[in-house]
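Structural features, examined
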Amino acid sequence: MRFIGALDQGTSSTRFIVFDEAGSIVGQHQLEHRQILPKAGWVEHDAAEIWDRTKEVITGALKAAGISGSELAGIGITNQRETTVVWDKSSGKPLANAIVWQDTRTQDFLAGLSSETKAKVTHKTGLAIAPYFSGSKMNWFIKNVPAVQEAVSAGSALIGTIDSWLVWNLSGGIHITDVTNASRTLLMNLETLDWDEELLKVFEVPRSILPKICSSSEIYGKTLAQGPLGAAVPIAGILGDQQAAMVGQACFERGESKTTYGTGNFALLNTGEEIVLSKNGLLTTVCFKFGNEKARYALEGSVAVTGSAVQWLRDQLGIIKSAPEIEGLAASVADNGGVYFVPAFSGLFAPYWRNDARGVVVGLTRAATKAHLARAALEAICYQTRDVLDAMSADSGVKLAEMRVDGGITANELCMQMQSDIMQIDVVRPKVIETTALGAAYAAGLATGFYKDIAQLRANWKEAKRWRANSASTLPTTGLKDWKRAIERTLDWAK
């Protein structure tokens, strides 16, 4: 077996990548799916459409690699984490559209929890009380969708994050999740790594509909031979997308960190076997758990809108025709012209956790152009990342020496130079920037013996590009001060 596969199901697209032992890509295929926006603050996906795309990308990637599914040692799965799907195990059909992690419809339910309950939930889960996470989404399905209520009563309802939906379909009925995804639900106790009875009562979610929690790297079962892989291939790794990027970036030891630039931005810092609860607005989460080894934990800072701000400029405002165009447009002006853009479309995530915030563009003058707005959008990505990494250093006492980065926006040279300038440290991009998929492949490879150990994975990591900070830049001084002023303008807007 010379190959390992990774299914990477993201917020805007699904892809399947075939890797060789060196972690190099030998074939891939990617397809977008619809973003369904029924009303303000609601974001949904059609889980049946995602499953259709999954089948297509698996077939396409195998064809691109020139291999059959039977040549894969195993597959790993990585996914957009908090997005929640509910389906009927008899029909195999979703009972409603999936509720996406960006969705804010459960704000009122969470606001209604007592202070004592909120404190207990945060202490047990390491998470903020926010609509972002899955528990309140599950509660909403059960309370508001008659088909879900009926299926729960009949004992035919199943619920889970996207990884559970994909495994269930690929395997023909195995209902599982891994510790990293379960740690994003507000229902799993970080210490026991199991569903917590007290938390299940708070969110009124019956344990019977939830998946079994497994490690991130073990053989859970095999794919159906008549499925898209055309063979019984071991399903052997599951990691939430940000934890998968940690594994793909070989951040296995305490103190190692990475930042992923996608639809949102996510920075994680490995805290080893210690559960570090944040005092600065970060989340505590499971980093990974390989087989029977002890779980490793992480501090995480999440930013809701980064890459999706570029999509907004493209799709809603029409100032660029494709996402890569933003670099040239932003580079056509020397600075932001005093324009700051805070894309708090669904509130602010870490370290603020303000559901009442909404997006603002400030500092406009008659001289402002679309190029200044494009530049402000790239700066917003970098300033939001700095906010998170400053909080991480405060919580951990670890001062970052450099940033390991991955994800789509890292191809934007201007943005990465800005990030280095704003942080005043080196920013380093690895040769394989598809680290999320690579991490899932690594988890599956460890479980199947395709990879011997994590030392082999660490040896695979290679630097491709390094950006060094310009010490004369005003971005980390006056720029950062003005950014903080712009943040203040977003607060207390949504009532």
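**Notes on the sheet that holds strand β22 (residues 426-430)**
Note: strands within a sheet are paired through backbone hydrogen bonds, in either parallel or antiparallel orientation. The strand order β17-β18-β16-β15-β21-β22-β23 describes an open sheet built from 7 strands, whose pairing is mixed. Strands with a single pairing partner mark the edges of an open sheet, and in this sheet they are β17 (283-288) and β23 (463-467). In this sheet, neighbouring strand axes are inclined to one another by 30° on average, regardless of whether the strands run parallel or antiparallel. As defined by bridge partners, strand β15 (residues 257-261) adjoins strand β16 (residues 265-272) across 5 bridges and the pair is classed as antiparallel. Paired with K258 across the two strands is L268, which belongs to β16.

**Overview of unusual backbone geometry**
Note that the residue after A350, namely P351, is joined by a cis bond; omega there is -5°. Looking at where P351 falls in the secondary structure, it is placed in the loop between β19 (340-342) and β20 (360-362). With a phi close to 55°, E204 is a non-glycine residue in the positive phi region. Looking at the secondary structure, you find E204 in the loop between α8 (197-203) and β12 (212-214). Assessed through its relative accessible area of 42%, E204 is described here as partly exposed. The backbone phi angle of Q424 is positive, close to 60°, even though this residue is not glycine. With respect to the secondary-structure elements, Q424 resides in the loop between α13 (413-423) and β22. The exposure class assigned to Q424 is partly exposed, which follows from its relative accessible area of 32%.

**Details of the nonpolar core**
In this structure, Y132, F133, V205 and W353 are the most contacted members of the largest nonpolar core, which totals 134 residues. In terms of residues, this core owes the most to one element, helix α12 (residues 370-396), which gives 14 residues. Discounting chain neighbours no more than four positions away, the residues touching V205 are G135, M138, N139, I142, L187, L200 and L210. One finds W51, L72, I162 and W168 within the second-largest nonpolar core, a separate group that totals 33 residues.

**Points about the pattern of salt bridges**
Taken as a whole, this structure holds 35 salt bridges when the rule is applied. We note a salt bridge from R207 to E197, for which the minimum N-O separation is 2.9 Å. With R207 in the loop between α8 and β12 and E197 in helix α8, the pair connects residues that are 10 residues apart, well separated along the chain. Taking the relative accessible area as the measure of exposure, R207 reaches 35% and is therefore partly exposed. Salt bridges sharing common partners tie together R34, D46, E49, R53 and E56.

Rules used throughout
- Residues numbered from 1 in each chain as written.
- Predicted model: local features only at pLDDT ≥ 70, side-chain atom pairs only at ≥ 80, totals over all residues.
- Heavy atoms only, no water.
- Pairing = 2+ DSSP bridges.
- Helix = DSSP H or I, 4+ residues; strand = E, 2+ residues; numbered from the N terminus.
- Axes fitted to C-alpha atoms, helices over the stretch in contact; angles between N-to-C directions.
- Buried < 20%, exposed > 50% of the residue type's maximum accessible area, 1.4 Å probe, protein only.
- Core = buried A, V, L, I, M, F, W, Y, C linked by side-chain atoms within 4.5 Å.
- Contact = heavy atoms within 4.5 Å.
- Salt bridge = Lys/Arg side-chain N within 4 Å of Asp/Glu carboxyl O.

The analysis is restricted to geometry; functional conclusions fall outside its scope.
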